[in-house]
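Below are the chains, spelled out letter by letter.
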Amino acid sequence: MSKLPIVKFPHSVLRRPAGEVPPAEILSSRIQRLVSDMKDTLAKAPDGVGLAAPQVSVPLRVFVISSEASSIDAGMRVDANDANKPQKWEYHVFINPVLKKRSREKTTVTEGCLSVPEKFGEVSRPAKVYLEWYDERGKRHGRGFTKFFARVLQHETDHLDGLLIVDRAKRMLRVSRGER
Ligand code: ZN
């Protein structure tokens, strides 16, 4: 596994709609290495819970989400700054994800993005979604998501469509280090 460089706004690869991975190629070494490198890259980005392939300059419909997102939903204490207690997260892989349903109910939350450093945006999104996707073994899945995990899924799906929090936010906030 190797850590890949994360591209930053306004890089053009972040704006290009990403292409589908042919399902027959999910088990190819190219896609398996991409998934492995993306997990490694996210593991080494303490501020991030999700990473989409366009953020590592690969215009494909793939993203990974850390199980830290589920822990936040479960109300577990998460302290990335506590070096004495390194967290061992798992990484969920989503290939060709499609948001099939979105709830009418929305919530507004302040979001950050590894490709938009030092800034946060207040983004309104549907509270619940139903997603269909392939995992890294080529198996198809479909299920509903709520709370923070549903939000991260929508943020990452936006990346695959070339959208960023700067497009979605009602208001952008600049936050200096130390206030985070
Ligand atoms: Zn992002």
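In this report, the structure presented in the accompanying data block is examined.

Criteria and thresholds
Residues numbered from 1 in each chain as written. Predicted model: local features only at pLDDT ≥ 70, side-chain atom pairs only at ≥ 80, totals over all residues. Heavy atoms only, no water. Helix = DSSP H or I, 4+ residues; strand = E, 2+ residues; numbered from the N terminus. Rg over C-alpha atoms; globule rule 2.2 N^0.38 Å. Areas by Shrake-Rupley, 256 points an atom, 1.4 Å probe, with all protein chains shown as cover. Lys, Arg positive; Asp, Glu negative; His and termini not counted. Charge placed at Lys NZ, Arg CZ, Asp CG, Glu CD. Expected span 1.5 Å × (residues − 1). Buried < 20%, exposed > 50% of the residue type's maximum accessible area, 1.4 Å probe, protein only. 1 Å grid on protein atoms, 1.4 Å probe; cavity = no way out; pocket = protein on both sides within 12 Å on 5 of 7 lines; lining within 4 Å. Points joined across faces, edges and corners; volume = space filled by probe spheres on them. Polar contact = N/O pair within 3.5 Å; in protein donor to acceptor, adjacent residues only side chain to side chain. Pairing = 2+ DSSP bridges. Axes fitted to C-alpha atoms, helices over the stretch in contact; angles between N-to-C directions. Contact = heavy atoms within 4.5 Å.

1. Description of the overall build of the protein
No. 1: When helices and strands are counted, the protein shows four helices and eight strands.
No. 2: Secondary structure elements of the protein occur, N-terminal to C-terminal, as α-β-β-α-β-β-β-β-β-α-α-β.
No. 3: Taking 2.2 N^0.38 as the reference for a compact globule, 180 residues should give roughly 16 Å; the C-alpha atoms of the protein span a radius of gyration of 16 Å, in line with that estimate.
No. 4: Roughly 9800 Å² of accessible area belongs to the protein as shown, and the carbon and sulfur atoms make up 50% of that amount.
No. 5: Taken as two groups, the 32 positive and 22 negative side-chain charges of the protein have centres that lie 3 Å from each other.

2. Digging into helix α1 (residues 29-43)
No. 1: For α1, spanning 15 residues, the distance from its first C-alpha to its last is 21 Å, which sits close to the expected 21 Å at 1.5 Å a residue.
No. 2: Of all the positions in α1, only I31, L34, V35, D37, M38, D40, T41 and L42 are classed as buried.

3. Brief notes about empty space enclosed by the protein
No. 1: With the rule as written, the count across this model stands at one cavity of 30 Å³ or more.
No. 2: In this structure, the largest cavity encloses a volume near 30 Å³.
No. 3: Every residue lining the largest cavity is listed: R125, H155, D158, H159, L163, L164, I165 and R168.
No. 4: Among the secondary structure elements, those contributing two or more residues to the lining of the largest cavity are α3 (147-160) and α4 (165-168).
No. 5: Element by element, the count of residues in the lining of the largest cavity is highest for α3, at three residues.

4. What to know about the side chain of R151
No. 1: For R151, the location among the structural elements is in helix α3.
No. 2: A distance of 2.7 Å separates a polar atom in the side chain of R151 from the backbone oxygen of T107.

5. Here we look at the sheet that holds strand β4 (residues 106-111)
No. 1: Strand order in the open sheet formed by three strands is β4-β5-β8, and the pairing between neighbours is antiparallel. Only two strands of the sheet have a single neighbouring strand rather than two, namely β4 and β8 (171-174). Put simply, the sheet's adjacent strands are angled 25 degrees from each other on average, direction ignored.
No. 2: In this sheet, strand β5 (residues 119-126) lies alongside β4 in antiparallel orientation, the contact comprising six bridges. Counterpart to E111 in the pairing with β5 is G121.
No. 3: Contacts from α3 reach β4 and β5 within the one sheet, and its direction differs from that of β5 by about 105 degrees.

By themselves, these figures tell us nothing about what the structure is for.
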